[in-house]
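Residue-level structure breakdown
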Amino acid sequence: MNKRVEPEEVHTKGDELTRVYRRRWLTLLLFCAYSLSNAYQWIHLNIVFDVILANYNASLPSEPSQANLAIDWLSMVYMLAYALLILPAAWVLDRYGLRVTSICATSLNFIGALMKCFATDSNRFWLLFAGQTVCATAQSFILGIPAPLAAAWFGINELSTATALGVFGTQIGVAVGFVLPPLFISKGDGMQQQLLWMFIGGACVTGALFLLVLLFFCDRPPLPPSLGQLTVRRNSHNQEGETKTTGKMYAASLRRLLTCPAFVLLTISYGLNTGVYYALSTLLNPIVVPEFKKIEINSTSVDAIEQQVGWAGFTLIAAGVLGAVIYGIVLDRTRAFKLTTLSCYSLSLIGTALFTATLPLAQLWLVFVSMAVLGFFMTGYLPVGFEYAAEITYPENEGLSSGILNASAQPSFGLI
């Protein structure tokens, strides 16, 4: 498979072949916004674990370990849904394009958020879980979009930065999900009403984003942003009615990806790195709070610790956003994918060891330092992996390679 190359001349004077449109930033902003809202839906329940346990106690299993597992599944259902739906979602993206895929994502996200508004009663955990499952289905149409969107709208020298900014929305959504719920929801008589207002707010935001995507989100610009995309469009046009209406070429592309040694190695390493990140995000509260409960015995202190855990999760994501943007800029200028990957993995290993070794000390400042290190290198690598995959598998479909990378994290998360 060939690396992506771009001639210096991207258009001619009299007859424009390529053009970079200012509208690309609006398209990217819309994507970041709706991916943010979906990522928020992923984590906003598990970060207030004790509140969910108390509110839905009547409809949860009586065995404590089973009840805890049921709540953990509110987050893990995202991983399961993606593993099951990655190929259909990638096919929709390849067959129908960015606009249809985005409409599917935002409509499902809105429906799932709306279902939660009717699920605050203590006997309706099943409805809460159903709404979360619909939101998880929406995620399957979101995670593979950053690389194809960057390729469709941005010039060759902006690809890594645009991909990093595309992942940026998801990370900010997780950060907001870590911070906001613990600030506004606490155990007590008013927790059901607090949950209702949180769910209504989520439904309003996702509904507004669905309408905005419906009105303003475009599939691609009139002219391609690069000569590479011009070639892709011409090939797509030549194969219209052949490749687009059958699964033969799609299956052939999948086979080529899975038999490319470099891509297989990247998939395995990316899956391990991202699986650890998913596990840490999902289980941050159950991992950290028990260590502090050993020394903090009154409920007020425990509530304060849970808020601090939310801010630690925010630190994990904020550092990752910074890392993603910096890596994106560096890659656009250097194209040093392998060196960047090796440095990320090495420093992620150091951060994981630091977190593991210092957690029993029950020192909040050490937790925050560990989260910052892990976030910058582990979370910051997410967009790098997408662009590296697109680089070593060109001219294969970016949505399919990104989808496989995301799917590779699900088995790792399950093992962890």
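Residues numbered from 1 in each chain as written. Predicted model: local features only at pLDDT ≥ 70, side-chain atom pairs only at ≥ 80, totals over all residues. Heavy atoms only, no water.

1. Quick word on the overall build of the protein
Heads up, the rule is: Every helix listed is a DSSP run of H or I at least four residues long, and every strand listed is a run of E at least two residues long, numbered separately from the N terminus. Only protein chains enter the calculation, and the probe is 1.4 Å; a residue is then buried if its accessible area is under 20% of its type maximum, exposed if over 50%, and partly exposed in between. Using the Shrake-Rupley algorithm and a 1.4 Å probe, accessible areas are obtained, with residue cover drawn only from the displayed protein chains.
Scanning the protein from terminus to terminus reveals 15 helices and 0 strands. Out of the 416 residues belonging to the protein, those deemed buried represent 54%. Of the roughly 18100 Å² that the protein leaves accessible, carbon and sulfur atoms contribute 66%.

2. As for the nonpolar core
Our working rule: Residues belong to a common nonpolar core when they are buried Ala, Val, Leu, Ile, Met, Phe, Trp, Tyr or Cys residues joined through side-chain atoms within 4.5 Å. Here the bounds of each domain stem from an automatic or database domain assignment. Residues are treated as being in contact if the distance between any of their heavy atoms lies within 4.5 Å.
In terms of nonpolar packing, the biggest core is built from 88 residues, with Ile52, Phe125, Tyr277 and Met371 touching the most fellow members. Looking at which element gives the most residues to this core, the answer is helix α3 (residues 64-116), with 12 residues. Two domains each put at least three residues into this core: domain 1 (21-154 + 184-219) and domain 2 (248-415). Excluding residues that lie within four positions of it along the chain, Tyr277 makes contacts with Trp42, Gln171, Val174, Leu316, Ile317, Met378, Thr379 and Leu382. Core analysis: the next-biggest nonpolar cluster, separate from the first, contains 24 residues, Leu28, Cys32, Leu93 and Trp153 among them.

3. Observations regarding the environment of Thr137
The topology assignment puts Thr137 in helix α4 (residues 125-140). A sequence separation of 56 residues divides Thr137 from Ala81, and the C-alpha atoms of the two residues are 5.8 Å apart. In contact with Thr137, other than residues within four places in its own chain, are Ala81, Leu85 and Leu108.

4. Thoughts on the confidence of the model for the protein
Put simply, the rule is: Per-residue confidence from the prediction method is given by pLDDT, with values spanning 0 to 100.
The predicted model of the protein averages 82 in pLDDT, with 87% of residues at 70 or higher. Counting contacts from residues 5-14, a segment whose pLDDT is below 50, to residues more than four positions away or on other chains yields 12 contacts. Scored below 50 in pLDDT, residues 241-246 makes 6 contacts in the model with residues more than four places away or belonging to other chains.

5. Points about the packing of aromatic side chains
Rule in force here: Between rings of Phe, Tyr and Trp, where Trp is taken as its six-membered ring, a pair exists when centres lie within 6.5 Å; planes separated by under 30 degrees are stacked, by over 60 edge-to-face, and by other angles tilted. The rule is short: NZ of Lys or CZ of Arg within 6 Å of the ring centre and within 35 degrees of the ring normal puts a charge over the ring.
In the structure shown here, the tally under the stated rule is 10 aromatic pairs. When the ring of Phe125 is compared with that of Phe129, the centres are 6.5 Å apart and the planes differ by 35°; the resulting orientation is tilted. Of the two residues, Phe125 and Phe129 are both situated in helix α4; the distance of 4 residues between them amounts to about one turn of the helix. Exposure remark for Phe125: the relative accessible area of 9% places this residue in the buried category. On the basis of relative accessibility, which here comes to 25%, the residue Phe129 falls in the partly exposed class. Members of the aromatic cluster, joined through ring pairs, are Phe31, Tyr34 and Phe217. The cationic tip of Arg95 hangs over the ring face of Tyr96; the distance from NZ or CZ to the ring centre is 5.1 Å.

6. A short note on the packing of helix α6 (residues 159-184) against helix α14 (residues 382-393)
Rules: Note on method: axes are straight lines fitted to C-alpha atoms, helices fitted across the in-contact stretch only, with angles between N-to-C directions ranging 0 to 180 degrees. Should an angle fall under 35 degrees it is taken as roughly parallel, and over 145 as roughly antiparallel, whereas 65 to 115 is taken as roughly perpendicular and any remaining angle as oblique. Crossing handedness is read from the near helix: turned anticlockwise from the far helix by less than a right angle, it gives a left-handed crossing, and turned clockwise, a right-handed one.
Between α6 and α14, the shortest axis-to-axis distance is 8 Å and the interhelical angle comes to 140°. When the axis of α6 is compared with that of α14, the two are oblique. Handedness of the crossing formed by α6 with α14: right-handed. Contact residues: α6 offers Leu159, Ser160, Thr163, Ala164, Val167 and Gln171, while α14 offers Leu382, Pro383, Phe386 and Glu387.

7. What about unusual backbone geometry?
The phi torsion at Ala362 lies on the positive side, around 55°, for a residue other than glycine. Relative to the helices and strands, Ala362 resides in the loop between α12 (337-358) and α13 (364-377).

8. Examining the side chain of Ser370
The condition that has to hold: Counting of polar contacts relies on pairs of N or O atoms within 3.5 Å, with two restrictions inside protein: one atom must be capable of donating a hydrogen and the other of accepting it, and residues adjacent in sequence are counted only when both atoms are side-chain atoms.
Structurally, Ser370 can be placed in helix α13. A distance of 2.9 Å separates a polar side-chain atom of Ser370 from the backbone oxygen of Leu366. Apart from residues no more than four positions distant in its own chain, Ser370 is found in contact with Leu354, Phe355 and Thr358.

9. Re a nonpolar patch on the surface
Condition: By definition, no residue in a patch forms a salt bridge, and every one has over 30% relative accessible area; like charges are joined within 9 Å, nonpolar side chains (Val, Leu, Ile, Met, Phe, Trp, Tyr) within 5 Å. Note on definitions: salt bridges are taken to be side-chain nitrogens of Lys or Arg within 4 Å of carboxyl oxygens of Asp or Glu.
Residues Leu26, Leu29, Leu211, Leu212, Leu214, Leu215 and Phe216 make up a contiguous nonpolar surface patch of roughly 630 Å² in combined accessible area. Where the nonpolar patch is concerned, the elements lending two or more residues are α1 (23-43) and α7 (191-216). Element by element, the count of residues in the nonpolar patch is highest for α7, at 5 residues. Tracing the backbone through its elements, the reader meets Leu26 in helix α1.

10. Observations concerning the packing of α12 against α13
Following both chains from N to C, one finds α12 and α13 inclined at 160°, their axes separated by 8 Å at the closest point. By the angle between their directions, the pair α12 and α13 is classed as roughly antiparallel. Between α12 and α13 the crossing geometry is left-handed. Of α13, the residues touching α12 (which contributes Cys344, Leu347, Ser348, Gly351, Thr352, Leu354, Phe355 and Thr358) are Leu366, Val369, Ser370, Met371, Val373, Leu374 and Phe377.

11. Focus: the side chain of Thr393
Within the secondary structure, Thr393 sits in helix α14. A distance of 2.5 Å separates a polar side-chain atom of Thr393 from the backbone oxygen of Ala389.

12. Comments concerning the environment of Thr340
As for its position among the elements, Thr340 is in helix α12. A residue is classified by how much of its surface remains accessible, and Thr340, at 8% relative accessible area, is buried. The sequence separation of Thr340 and Val384 amounts to 44 residues, and the corresponding C-alpha distance is 8.1 Å. Excluding residues within four positions of it along the chain, Thr340 makes contact with Tyr327, Leu331 and Val384.

13. Digging into α7
To keep things clear, this is the line we draw: What a helix is expected to span follows from its residue count: subtract one and scale by 1.5 Å.
With 26 residues, α7 extends 37 Å between its outermost C-alpha atoms, agreeing within 8% with the 38 Å of an ideal straight helix rising 1.5 Å per residue. Contacts from the buried residues of α7 go to α1, α2 (49-55), α3, α4 and α6.

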